[in-house]
Amino acid sequence: MSPSNIHKDFPILFSEQQIAERTAEIGRQIDADYAGKSVVLVGVLKGAAIFLADLARSITVDCTFDFVAVSSYGKGQKTSGAVKLIKDLDLPIEGKNIIVVEDILDTGLTLCFLRNLFEQHRPRSLRVAALLDKPSRRLEKIEADYVGFKIPNHFVVGYGMDYAERFRNVRDIRLMPPDYPEMH
Ligand code: XMP
Ligand code: MG
């Protein structure tokens with residue numbers, strides 16, 4: 001099988017349609033919660049880029065985007081535990097309603113780091129939307145306000161999520177085989 005469609009062997013966890021339906025539901029919830037207000041969607045690069053694009057188009061309240069980038073994972077499936085800011089916010093968030101948009105809430109280290117960082121800028125409110133939640137892996141006491149799907153402890157790819165930077169453009173969310181070879 002050629003490298004470009006190797007992911008076809010990975011089992012589908014959530015189809016495009018399931019993701020679209022759940023994203024639309026979260027969008028309606030955000031619309032209700034922020035009716036008459038403005039929100040700033042802060043996407044965590046790179047994994048949340050595709051979720052943010054779809055979520056943003058599922059909401060009708062006034063919204064702007066910003067992005068931050070952090071590093072926590074290396075090339076493979078293991079985390080180093082350390083979170084480092086690689087790209088900061090571009091726009092001021094003081095007095096704004098912030099929704100941090102994440103692909104996966106896993107140990108919680110990334111979101112804790114970002115929440116502490118953003119709270120120093122004194123936003124009016126700060127909530128979190130995570131497409132996926134792996135509650136069994138949590139090391140920090142943090143939950144998302146909007147969760148797409150709760151999943152067991154299994155590494156996933158697609159819909160923005162990667163293994164060694166690959167598979168972000170896969171349209172559904174797939175389970176990564178645990179014996180998949182390390183890629184360089
Ligand atoms: P923490 O542990 O800080 O991790 O909550 C959040 C970040 O870890 C990445 N992550 C994954 N990425 N498949 C991925 O492609 C996964 O199964 C997975 N689990 C965690 C992700 O970047 C997330 O933002
Ligand atoms: Mg990643």
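Along each chain, the written sequence defines residue order, and numbers are assigned to residues from 1. Chains and ligands are labelled sequentially in the order written, the chains with letters from A and the ligands with numbers from 1. Where local features are concerned, this predicted model is filtered to residues with pLDDT of at least 70; where side-chain atom pairs are given and counted, the filter is 80 or more; whole-chain, interface and lining totals use all residues. Side-chain metrics rest on all non-hydrogen atoms present in the structure, leaving aside hydrogens and water.

If you look the protein up in an unreviewed UniProt entry, it shows as Hypoxanthine phosphoribosyltransferase from Silvibacterium bohemicum. In the Pathway (unreviewed entry) part of its UniProt record, the protein is described as follows: "Purine metabolism; IMP biosynthesis via salvage pathway; IMP from hypoxanthine: step 1/1." Per UniProt, the protein has the following entry under Subcellular location (unreviewed entry): "Cytoplasm". UniProt positions are given in the numbering used here, feature names are shortened, and annotations may be inferred rather than shown by experiment.

> Hey, could you go over the site of ligand 1 for me, with residue numbers and the actual values?
Being near a molecule or strand, for a residue, means having at least one of its heavy atoms within 4 Å of it. The local shell around ligand 1 holds 15 residues, among which D103, T107, G108, T110 and V156 are the closest. Distance and chemistry together define a polar contact, namely a pair of N or O atoms within 3.5 Å, with one atom able to donate a hydrogen and the other to accept it when in protein, and with adjacent residues in sequence counting only for side-chain atoms on both sides. D103 is positioned such that a nitrogen or oxygen atom in its side chain is 2.7 Å from an oxygen atom of ligand 1. The side chain of K134 places a nitrogen or oxygen atom 2.9 Å from an oxygen atom of ligand 1. To measure how exposed things are, a 1.4 Å probe is used in the Shrake-Rupley method; for residues, cover is taken only from the protein chains shown. Starting from 510 Å² of accessible surface for ligand 1 in isolation, the protein chains cover 92%. Every helix listed is a DSSP run of H or I at least four residues long, and every strand listed is a run of E at least two residues long, numbered separately from the N terminus. Counting only elements with at least two residues in the shell around ligand 1, the list comes to β5 (97-105) and α3 (109-119). With three residues, the single largest contributor to the shell around ligand 1 is β5. Among the residues making up the shell around ligand 1, the classes are represented as six nonpolar, four polar and five charged. The residue classification treats Ala, Val, Leu, Ile, Met, Phe, Trp, Tyr, Cys and Pro as nonpolar and Asp, Glu, Lys and Arg as charged. All others, Gly included, are polar.

> I'd like a rundown of the sheet that holds strand β8 (residues 156-157), residues and numbers included.
Strand pairing in a sheet is mediated by backbone hydrogen bonds. Such pairs are either parallel or antiparallel. Pairing between strands is defined by DSSP: at least two bridges between them are needed. Pairing in this open sheet of three strands is antiparallel, and the strands run β1-β9-β8 from one edge to the other. Among the strands making up the open sheet, the edge pair consists of β1 (12-14) and β8. In terms of strand pairing, β1 meets strand β9 (residues 173-175) through two bridges, oriented antiparallel. Each residue of the ladder has a partner; that of F14, found in β9, is I173.

> So what about the packing of aromatic side chains? Which residues, and what values?
Two aromatic rings from Phe, Tyr or Trp, using only the six-membered ring of Trp, form a pair when their centres are within 6.5 Å; if the ring planes differ by under 30 degrees the pair is stacked, by over 60 it is edge-to-face, and anything between is tilted. Within this structure, the stated rule accounts for seven aromatic pairs. Ring plane angle 90° and centroid distance 5.7 Å describe the contact between Y163 and Y180, whose orientation is recorded as edge-to-face. Separated by 17 residues along the polypeptide, Y163 in the loop between β8 and β9 and Y180 in the segment after β9 bring together distant segments of the chain. The exposure class assigned to Y180 is buried, which follows from its relative accessible area of 14%. For the ring pair F167 and Y180, a centre distance of 6.4 Å and an interplane angle of 75° mean the geometry is edge-to-face. You can see F167 sitting in the loop between β8 and β9 and its partner Y180 sitting in the segment after β9, a full 13 residues away along the chain. For every residue, the accessible area obtained with a 1.4 Å probe (protein chains only) is divided by the maximum for its type, and the residue is called buried under 20%, exposed over 50%, and partly exposed between those limits. Judged by its relative accessible area of 6%, F167 falls in the buried class.

> Lay out the environment of S4 in plain terms, naming residues and giving numbers.
Within the element layout of this structure, S4 appears in the segment before β1. Classification of S4 by relative accessible area gives exposed; the value is 62%. For the pair S4 and A144, spaced 140 residues apart in sequence, the C-alpha to C-alpha distance is 34 Å.

> How would you explain the nonpolar core if you had to name every residue and give the values?
Within the largest apolar cluster, 28 residues are counted, with the highest numbers of intra-cluster contacts made by L132 and I173. When contributions to this core are tallied by element, the ones reaching two or more residues are α1 (16-33), β2 (38-45), α2 (49-56), β5, β6 (125-133), β7 (146-150) and β9. With four residues, α2 is the largest single contributor of residues to this core. The contacts of L132, once residues within four sequence positions are left out, are F14, D103, I104, L105, F149, I151, V156, M161 and I173. In this description, a nonpolar core means a group of buried Ala, Val, Leu, Ile, Met, Phe, Trp, Tyr and Cys residues linked to one another through side-chain atoms lying within 4.5 Å. Every residue pair with non-hydrogen atoms within 4.5 Å of one another is taken to be in contact.

> Help me get a handle on α2, residues and values and all.
For α2, the set of buried residues is F51, L52, L55 and A56. Taken end-on, α2 shows its buried residues confined to a sector of 125°, consistent with a single buried face. This arc is taken over the directions from the axis of the helix to the C-beta atoms.

> With reference to specific residues and values, describe the pairing of β7.
With four of five residues buried, β7 is to be regarded as a mostly interior element. With four bridges connecting them, β6 and β7 associate as parallel partners. Pairing of L132 across the sheet is with F149, part of β7.

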